[in-house]
Amino acid sequence: MLDIICYGHGIFFVILQTMLMFGFFREWLRDRRASTANNEHKKVSLIIPIHNESHRMEGLLRSLLAQDYLLHTEIIFIDDRSDDASPAMLAQFAQDAADRGIHHCKIITLTENPGPNYKQYALSAGIAAASGDYFLFTDGDCEVPPGWIGAMVSRMSDESIGAVIGPVFKKKQGKGFFFLYQCYDHVVRYNYLAGATGLGAAGGCFGNNLIVSKAALDSAGGYNAIPPSPTEDAALISLLRSRSKYRIHAIALPDAAVETEAEQTWRGFINQTLRWNNGGLFSPERITRFNYNLLMLLISTGILAIPLLPFFPSLWPLPLGNCIVMIMNTIAIFGLFRTKLPKGGFLNLGYALTLLFTPVYFTLMTIMGYCRIKVQWKGKQV
């Protein structure tokens, strides 16, 4: 019976990973067709929440002014109680945009935010002020490529599509394993969410690269229908999938990729990834919650079996399944997003370490999540 369980676990995990890879391949095929579509007649509301981002917002503002779709875009910043130089930087951006003939820039100032998810509350204020056919989201610590807005809009050419999830990568901001692992971790997470999306089970996304149809959001009850969640972006995707008739897709090409700031300490990175993990483990949407818990439990049992191998050698298929799955993940991400990763290639020793460390780290986040360890956002508990 133990052998059946162990072999069954390993085989099932590899089959599940193969299905996710097939889902990602489906998104790649769809994306090749969609990326050439023209949808320029639609108006876009770019919504960006800001809370004390002056030390890392310059890249975003500079890259926004370089966009080629701004005449069809209204930009809405939500200044969420910032007490640094962020308000002055936003005011200067609005002036710079106006000097270039771009007059659709709004700055909403919040003087209070009751939470419990402060970012979710700020986004609701931005959406309420938006007038576009599409809502496009990013964050203050991101940089976007020059054709980003147009690339995201082109993926919405089919009116049956309610949302498109874009890839997000960590900036290559330092040397050593810590910064390498952040880049690798981000791409692996995107690999999983894009694969699930391709299988029709979208339940997560990176909210700093997401475009949503206003019609789809309205049909699902509006943004305020999203229950409070530490991962409001994943909750939004779950809401659209479960309550609307619209389809959700993920981008599998690098032309619309956003880059975000890397965390500078392990403590900050653990807090960030624990928040993402908890959003999946305790998602208010049943299917998303089941899928995410299943994946994390498969990974965790494979890792927790390792210290038991000297006493129960027949457990070896569990960690072997993890190893095979991570090799499959690594091959996939290098095949599609090699240019967005630090140099070194698949055979680089650092990537070998990240491949082995990833399931261990995911297991740690899962255990911490089940132990109900609290997370913070901008210094406040969520």
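What counts and what doesn't
- Residues numbered from 1 in each chain as written.
- Predicted model: local features only at pLDDT ≥ 70, side-chain atom pairs only at ≥ 80, totals over all residues.
- Heavy atoms only, no water.
- Helix = DSSP H or I, 4+ residues; strand = E, 2+ residues; numbered from the N terminus.
- Rg over C-alpha atoms; globule rule 2.2 N^0.38 Å.
- Buried < 20%, exposed > 50% of the residue type's maximum accessible area, 1.4 Å probe, protein only.
- Contact = heavy atoms within 4.5 Å.
- Areas by Shrake-Rupley, 256 points an atom, 1.4 Å probe, with all protein chains shown as cover.
- Lys, Arg positive; Asp, Glu negative; His and termini not counted.
- Charge placed at Lys NZ, Arg CZ, Asp CG, Glu CD.
- Axes fitted to C-alpha atoms, helices over the stretch in contact; angles between N-to-C directions.
- Left-handed = near helix turned anticlockwise from the far one by under 90°.
- Nonpolar A, V, L, I, M, F, W, Y, C, P; charged D, E, K, R; others polar.
- Pairing = 2+ DSSP bridges.
- Polar contact = N/O pair within 3.5 Å; in protein donor to acceptor, adjacent residues only side chain to side chain.
- Salt bridge = Lys/Arg side-chain N within 4 Å of Asp/Glu carboxyl O.
- Patch = residues over 30% accessible without salt bridge, like charges linked within 9 Å, V, L, I, M, F, W, Y side chains within 5 Å.

Asks: I'm lost on the overall build of the protein chain in this one. Help?
Replies: Check the secondary structure of the protein chain and you find twelve helices and twelve strands. Against the 2.2 N^0.38 benchmark of 21 Å for 382 residues, the protein chain shows a C-alpha radius of gyration of 21 Å, consistent with a compact globule. When its C-alpha atoms are laid out on the principal axes, the protein chain stretches across 70 × 40 × 40 Å. Looking at the 382 residues of the protein chain, the share that counts as buried comes to 56%. Restricting to contacts in the protein chain with at least 6 residues of sequence separation, those with at least 24 account for 82%. Carbon together with sulfur atoms contributes 61% to the accessible area of the protein chain, which is approximately 16300 Å² in total. Side-chain charges in the protein chain split into 34 positive and 30 negative, and the spacing between the mean points of these groups amounts to 6 Å.

Asks: Would you explain the packing of helix 10 (residues 286-304) against helix 12 (residues 349-370) in this entry?
Replies: When two helices pack together, their arrangement is given by the angle between the helix axes and the distance between those axes. In the contact formed by helix 10 and helix 12, the axes pass within 9 Å of each other and the chain directions differ by 115 degrees. Crossing angle aside, the handedness with which helix 10 passes helix 12 is left-handed. Across the interface between the two elements, Asn293, Met296, Leu297, Ile299, Ser300, Ile303 and Leu304 from helix 10 touch Pro359, Val360, Phe362, Thr363, Thr366, Ile367 and Tyr370 from helix 12. When grouped by side-chain class, the residues that make up the contact of helix 10 with helix 12 number ten nonpolar, four polar and no charged.

Asks: Looking at this structure, I do not really get the sheet that holds strand 5 (residues 142-143). What am I missing?
Replies: Sheet strands associate in pairs through backbone hydrogen bonding, adopting either a parallel or an antiparallel arrangement. Taken together, the three strands give an open sheet; going across it, the order is 5-10-7, and neighbouring strands pair in mixed fashion. On the outer flanks of this sheet lie strand 5 and strand 7 (168-170), each paired with one strand and no other. Relative to strand 10 (residues 258-260), strand 5 is paired through two bridges, and the arrangement is antiparallel. Across the sheet, the residue bridging to Glu143 is Glu259, located in strand 10.

Asks: Looking at this structure, how should I read the side chain of Thr138?
Replies: Assignment of secondary structure puts Thr138 in the loop between strand 4 (134-137) and strand 5. On the basis of relative accessibility, which here comes to 1%, the residue Thr138 falls in the buried class. Separated by 2.9 Å, the side chain of Thr138 and the backbone oxygen of Asn208 make a polar contact. Look past the residues within four positions of Thr138 in its chain and what remains in contact with it is Leu46, Ile47, Ile48, Pro49, Leu60, Val144, Trp148, Gly207, Asn208 and Val258.

Asks: Which parts of the structure should I look at to understand unusual backbone geometry?
Replies: Across residues other than glycine, the phi torsion is negative in most instances, and most of the peptide bonds are trans. Looking along the chain, the bond that leaves Gly115 and enters Pro116 is cis, with omega of 5 degrees. On the secondary structure map, Pro116 appears in the loop between strand 3 (105-110) and helix 4 (118-128). Residues other than glycine seldom take positive phi values, yet Asn52 does so here, at roughly 50 degrees. Relative to the helices and strands, Asn52 resides in the loop between strand 1 (44-50) and helix 2 (58-65).

Asks: Before we go on, may I ask you to explain the sheet that holds strand 6 (residues 161-165) in this structure?
Replies: Read from one edge to the other, the open sheet built from seven strands follows the order 3-2-1-4-8-6-9, with strand pairing classed as mixed. Pairing within the sheet leaves two strands with one partner each, and these edge strands are strand 3 and strand 9 (247-250). Going across the sheet, the axis of each strand differs from the next one's by a mean of 20 degrees, ignoring polarity. Of the strand pairs in this sheet, strand 1 and strand 2 (residues 73-80) are connected by seven bridges, and their pairing is parallel.

Asks: Looking at this model, I keep getting lost on the side chain of His249. Mind explaining?
Replies: Relative to the helices and strands, His249 is located in strand 9. The exposure class of His249 is buried, given its relative accessible area of 11%. There is a polar contact of 2.7 Å between the side chain of His249 and the side chain of Arg247. For His249, the residues in contact, after removing those within four places along its chain, are Glu27, Arg30, Ile161, Ala163, Val164, Ile165 and Thr197.

Asks: Is there a simple way to explain the pattern of salt bridges in this structure?
Replies: Side-chain pairing between opposite charges can occur once the charged atoms of the two side chains come close. According to the stated counting rule, one finds 16 salt bridges in the structure shown. Salt-bridge contacts for Asp141 lead to Arg56; the nearest nitrogen and oxygen are separated by 3.7 Å. Here Asp141 is found in the loop between strand 4 and strand 5, whereas its partner Arg56 is found in the loop between strand 1 and helix 2, with 85 residues between them in sequence. For Arg56, a relative accessible area of 24% puts it in the partly exposed group. Among the salt bridges present, the one from Arg189 reaches Asp185, with a minimum N-O distance of 2.9 Å. Separated by four residues within a single helix, Arg189 and Asp185 lie in helix 6 (residues 177-198), roughly one turn from each other. By relative accessible area, which is 0% here, Asp185 ends up buried. Among the ionic contacts, a cluster of salt bridges with common partners joins Arg62, Glu143, Lys171 and Glu261.

Asks: What exactly am I supposed to notice about a nonpolar patch on the surface here?
Replies: A cluster of nonpolar side chains, namely Tyr7, Ile11, Ile15, Met19, Phe22, Phe25, Leu29, Leu199, Trp316, Leu320 and Ile324, defines an oily patch on the protein surface of about 1000 Å² accessible area. If you list the elements that add at least two residues to the nonpolar patch, you get helix 1 (2-34) and helix 11 (317-337). For the nonpolar patch, the element with the most residues is helix 1, which contributes seven residues. Along the polypeptide, Met19 turns up in helix 1. On the basis of relative accessibility, which here comes to 43%, the residue Met19 falls in the partly exposed class.

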